[in-house]
Amino acid sequence: MVSLPSRLSELSRRDRLILYYLVGLALLVCLYTITYNVAMARLEGVDQSIFASFEFIVQTMTTTGYGQDSGIWSHPLMFLFVVLAQISGIGIGFFTLRLIIIPLFTGAEVDLDSRLTPKEDHVIVCEYRRDSAVLLDELEELGIDYVLISSDEAGAKSLSDEGYAAIHGSPQDATAFERASIDTARAVITDAGDANVNTILTVRSVRSDVDIIALTDDSDMRSVLLETGADSVLSPHGVLGHRLAEKAVSSFSSELTDTIDLGADMEVAEIPVAQGSQLLGTRIRNSNVRERTGANIIGAWIDGELQLPPDPDAIIRPNTVLLVSGSHEAMEALSEFTRPARGVRSHDRIVLAGQGEVGQAARSVVDESGIESITIDIEDGDDIDVVGDAGSKETLREAGVETADAIIIGLPDDSTALLTTVLARSLNANIEILARVSDTDATRKALSAGADYVLSVPRVSARMVARELRGEDVLAPASQIRIVRVSAEPLAGTTLADSGIYEETGCRVIAVEDGEGPSGRIDPHRQFTGDERITIVGSDESIQRFRKHFDVSPTEPGA
């Protein structure tokens, strides 16, 4: 049975706002009805049915008249109550018109600026091109107020109708920033592509001391943007490309380079179970991972869903990604345990489909490892081995996918990336497929298509921005899961067993750090003093639920 909160989470932000409004209106009418019924009996001596009082309230609030009760009031409190009902009815009528009626007519002129609440210490987001809703939801969960400026009028209106603080305007126009209250803003985020320089100069002309965070898909622009006036420059595509390549390279050697160091000889890693691995087809309880390697399985992506902790009876299938913890030696032993037997491989070769920012970042990691790489791109270039569409079997065959060990798909179009995933799997059942997607919803599709490891550009971007704005201790921004280190102050006086962290949020505590340093050996009955820092793992949604439920602020990195 689906719970009410689950059903509400499936509704759009606008639909939820309308639902809350209608429920609130119904409660207000009920309150007025009961109050009027009691007042008539005690102040006027008129004993009438609750339905007659309900009729009167509806008549008054809709300004249609008063019927049989008109002129029978004599007590001053009755007149005051009737006036209150009249005024609130008029106010609700205008609010209904604004919230429900006007947005139903898309041709109606709507002043988006008038929908903004007063802003202070907020963030101004310009032309965000990586699924705005993902970032804006992240900011809301962090408790950071914002205004989004978009030159796409239809897009700005759609976001505003969904309940986001968005206005239409050009980030190259100083008046747009004035409308967004830049005088009281804490930072400006610009993701305007080629117009980033123009946007930065516009911001500096309006206010010289505001922090500017620039996002770019071209890492070569970093120095230019910094010289122009940006305080920091983020390149999500480059980070994502490095992560995908590190995953691919790690499968060729027992020496892991993509683990997350928690300190005190404890690491966490995401390890995809490769095609041909001896773990395929076994249940997690029968995998003997701890006995054979010393590592602990603390979670797993199975069929596109994150299980924390994993179901002991869950069967490890192709594209399962294990989330494990332990010493570095244990991680390397498990990596060797999960990869296929060497006899399955014909060559040590990685195919790189797409040579944009993601592909180039991935190639730099692969080239440094000394592993042979074959590059595919639709346009010819000095470093392109195969010119052609990666979404065709002929091109993939020419690149040697049939005998390659891995393929990194860094294509900008999700449809082509999904097609390439399916074709690569059909040509080589044992190839490891690592992919980037531009749409968050495409992650599950890519896993269903046969990908072993998938990273979403909007998720990685939002994590990097969150870390920059709040100093959130994100230990691995480019990862299928989210690992953060937070203060245990809200848990002071309770134990992990009694905290309800997993039950309420879906997150899992994987390390507790006190004066003696971090430890992965967690006593569920140890009482928190509030001075500790805990490391938690979960999906982006579960981490957001954790913050909201426990009102936790991120700790400063290195604090």
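All residue numbers refer to positions counted from 1 along the written sequence of the respective chain. With pLDDT at 70 or above as the cut-off, local features in this predicted model cover only qualifying residues; side-chain atom pairs require 80 or more to be listed or tallied, and sums for whole chains, interfaces and linings still use all residues. Water and hydrogen atoms were dropped before computing side-chain values, which therefore reflect all heavy atoms in the structure.

### A closer look at the overall build of the chain
Part 1 of the argument: Along the chain, the regular secondary structure elements total 20 helices and 22 strands.
Part 2 of the argument: Out of the 559 residues in the chain, the part that is buried amounts to 52%.
Part 3 of the argument: Summing over all exposed atoms, the chain offers an accessible surface of approximately 25100 Å²; the carbon and sulfur share of this is 51%. Helix numbers and strand numbers start at the N terminus; a helix is a DSSP run of H or I with at least 4 residues, a strand a run of E with at least 2. Only protein chains enter the accessibility calculation, which uses a 1.4 Å probe; a residue whose area is less than 20% of its type maximum is buried, one above 50% is exposed, and one in between is partly exposed. Areas reported as accessible are Shrake-Rupley estimates using a 1.4 Å probe. Residue values count occlusion only from the protein chains shown.

### A look at the confidence of the model for the chain
Part 1 of the argument: Chain-level pLDDT for the chain is 83 on average; 86% of the residues reach the 70-or-more range.
Part 2 of the argument: Note on residues 342-346: pLDDT under 50 across the span, and seven contacts to partners over four residues away in sequence or across chains.
Part 3 of the argument: The pLDDT score gives, residue by residue, the confidence of the prediction method on a 0 to 100 scale. The contact criterion used throughout is that any non-hydrogen atoms of two residues lie within 4.5 Å. Residue range residues 554-559 is modelled with pLDDT below 50. Its contacts to residues more than four positions away, or to other chains, number 19 contacts.

### Thoughts on the packing of helix 10 (residues 236-250) against helix 13 (residues 357-369)
Part 1 of the argument: Axes, fitted as lines to C-alpha atoms, cover a helix only where it is in contact. Angles between the N-to-C directions of the axes lie from 0 to 180 degrees. Closest axis-to-axis distance for the helix 10/helix 13 pair is 7 Å, and the angle between their directions is 40°. Accordingly, the angle class assigned to the pair helix 10 and helix 13 is oblique. When the axes of helix 10 and helix 13 are compared, the crossing they make is right-handed. Across the interface between the two elements, His-237, Gly-238, Leu-240, Gly-241, His-242, Leu-244, Ala-245, Glu-246 and Val-249 from helix 10 touch Glu-357, Val-358, Ala-361, Ala-362, Ser-364, Val-365, Val-366 and Ser-369 from helix 13.
Part 2 of the argument: Residue composition of the contact of helix 10 with helix 13, by class: nine nonpolar, six polar and two charged. Convention used here: angles under 35 degrees read as roughly parallel, angles over 145 as roughly antiparallel, angles from 65 to 115 as roughly perpendicular, and any remaining angle as oblique. In a left-handed crossing the near helix is turned counterclockwise from the far helix by less than a right angle, and in a right-handed crossing that turn is clockwise. Each residue gets one of three labels, nonpolar for Ala, Val, Leu, Ile, Met, Phe, Trp, Tyr, Cys and Pro, charged for Asp, Glu, Lys and Arg, and polar for the others, Gly among them.

### Quick look at the pattern of salt bridges
Part 1 of the argument: Note on definitions: salt bridges are taken to be side-chain nitrogens of Lys or Arg within 4 Å of carboxyl oxygens of Asp or Glu. Overall, the coordinates contain 24 salt bridges when judged by the stated rule.
Part 2 of the argument: Across the salt bridge formed by Asp-231 and Arg-204, the nearest N and O atoms sit 2.9 Å from each other. Of this pair, Asp-231 sits in the loop between helix 9 (222-228) and strand 6 (232-234) while Arg-204 is found in helix 8 (residues 196-206), placing the two residues 27 residues apart along the sequence.
Part 3 of the argument: Using a relative accessible area of 45% as the deciding quantity, one classes Asp-231 as partly exposed.
Part 4 of the argument: Here Asp-383 ties to Arg-363 by a salt bridge, and the two come within 3.4 Å at their closest N and O atoms. Of this pair, Asp-383 sits in the loop between strand 13 (372-377) and strand 14 (386-387) while Arg-363 sits in helix 13, and the two are 20 residues apart along the sequence.
Part 5 of the argument: Three or more residues are tied together by salt bridges with common partners; here these are Glu-138, Arg-463, Arg-482, Asp-540 and Arg-547.

### Overview of the sheet that holds strand 13
Part 1 of the argument: In this analysis, strands are considered paired if DSSP registers two or more bridges between them. Pairing is parallel across the open sheet formed by six strands, whose spatial order is 14-13-12-15-16-17. Both outer strands of the open sheet, strand 14 and strand 17 (453-456), are each paired with one neighbouring strand and no more.
Part 2 of the argument: Across the sheet, helix 10 touches strand 12 (349-353), strand 15 (406-409), strand 16 (432-437) and strand 17, and the angle it forms with strand 16 is around 170°.

### Brief notes about the side chain of Glu-267
Part 1 of the argument: By the secondary structure assignment, Glu-267 is in strand 8 (residues 266-272).
Part 2 of the argument: Although Glu-267 is buried, it forms no salt bridge, and the closest oppositely charged side chain is Arg-243 at an N-O distance of 11 Å.
Part 3 of the argument: A polar side-chain atom of Glu-267 sits 2.8 Å from a polar atom in the side chain of His-328. Counting rule for charge: Lys and Arg are taken as positive, Asp and Glu as negative, and neither His nor the chain ends is counted. N or O atoms closer than or at 3.5 Å make up a polar contact, with two conditions inside protein: a donor-capable atom paired with an acceptor-capable one, and, for residues adjacent in sequence, both atoms drawn from side chains.

### Points about a nonpolar patch on the surface
Part 1 of the argument: Each patch groups residues whose relative accessible area exceeds 30% and which form no salt bridge, using 9 Å between like charges and 5 Å between nonpolar side chains of Val, Leu, Ile, Met, Phe, Trp and Tyr. There is a patch of nonpolar side chains on the surface, built from Leu-19, Tyr-20, Val-23 and Leu-27 and spanning about 390 Å² of accessible area.
Part 2 of the argument: Counting through the fold element by element, Val-23 comes out in helix 2 (residues 13-43).
Part 3 of the argument: Overall, the relative accessible area of 45% leaves Val-23 in the partly exposed class.

### What about the sheet that holds strand 1 (residues 123-126)?
Part 1 of the argument: Taken in spatial order, the six strands of this open sheet run 3-2-1-4-5-6, and their pairing is parallel. In the strand order of this sheet, the two ends are held by strand 3 (166-168) and strand 6, each with one partner. Sheet twist, expressed as the mean angle between neighbouring strand axes with direction ignored, is 20°.
Part 2 of the argument: In the sheet, strand 2 (residues 146-150) pairs with strand 3 via three bridges, with the strands oriented parallel. Counterpart to Leu-148 in the pairing with strand 3 is Ala-166.
Part 3 of the argument: Each of strand 1, strand 4 (187-190) and strand 5 (211-215) is contacted by helix 8, which is oriented at about 175° to strand 5, the strand it contacts most.

### Focus: helix 15 (residues 414-427)
Part 1 of the argument: A rise of 1.5 Å per residue sets the reference length of helix 15, with its 14 residues, at 20 Å; its end C-alpha atoms lie 20 Å apart and thus fit the reference within 8%.
Part 2 of the argument: Along helix 15, the residues that are buried comprise Asp-414, Ala-417, Thr-420, Thr-421, Leu-423, Ala-424, Arg-425 and Leu-427.
Part 3 of the argument: Along its buried surface, helix 15 packs onto helix 14 (393-398), strand 15, strand 16 and helix 16 (442-449).
Part 4 of the argument: Of the residues that open helix 15, the one with a side-chain oxygen 3.3 Å from the backbone nitrogen of Ser-415 is Asp-413. Expected span of a helix, by definition, is 1.5 Å for each gap between consecutive residues, and there is one gap fewer than residues.

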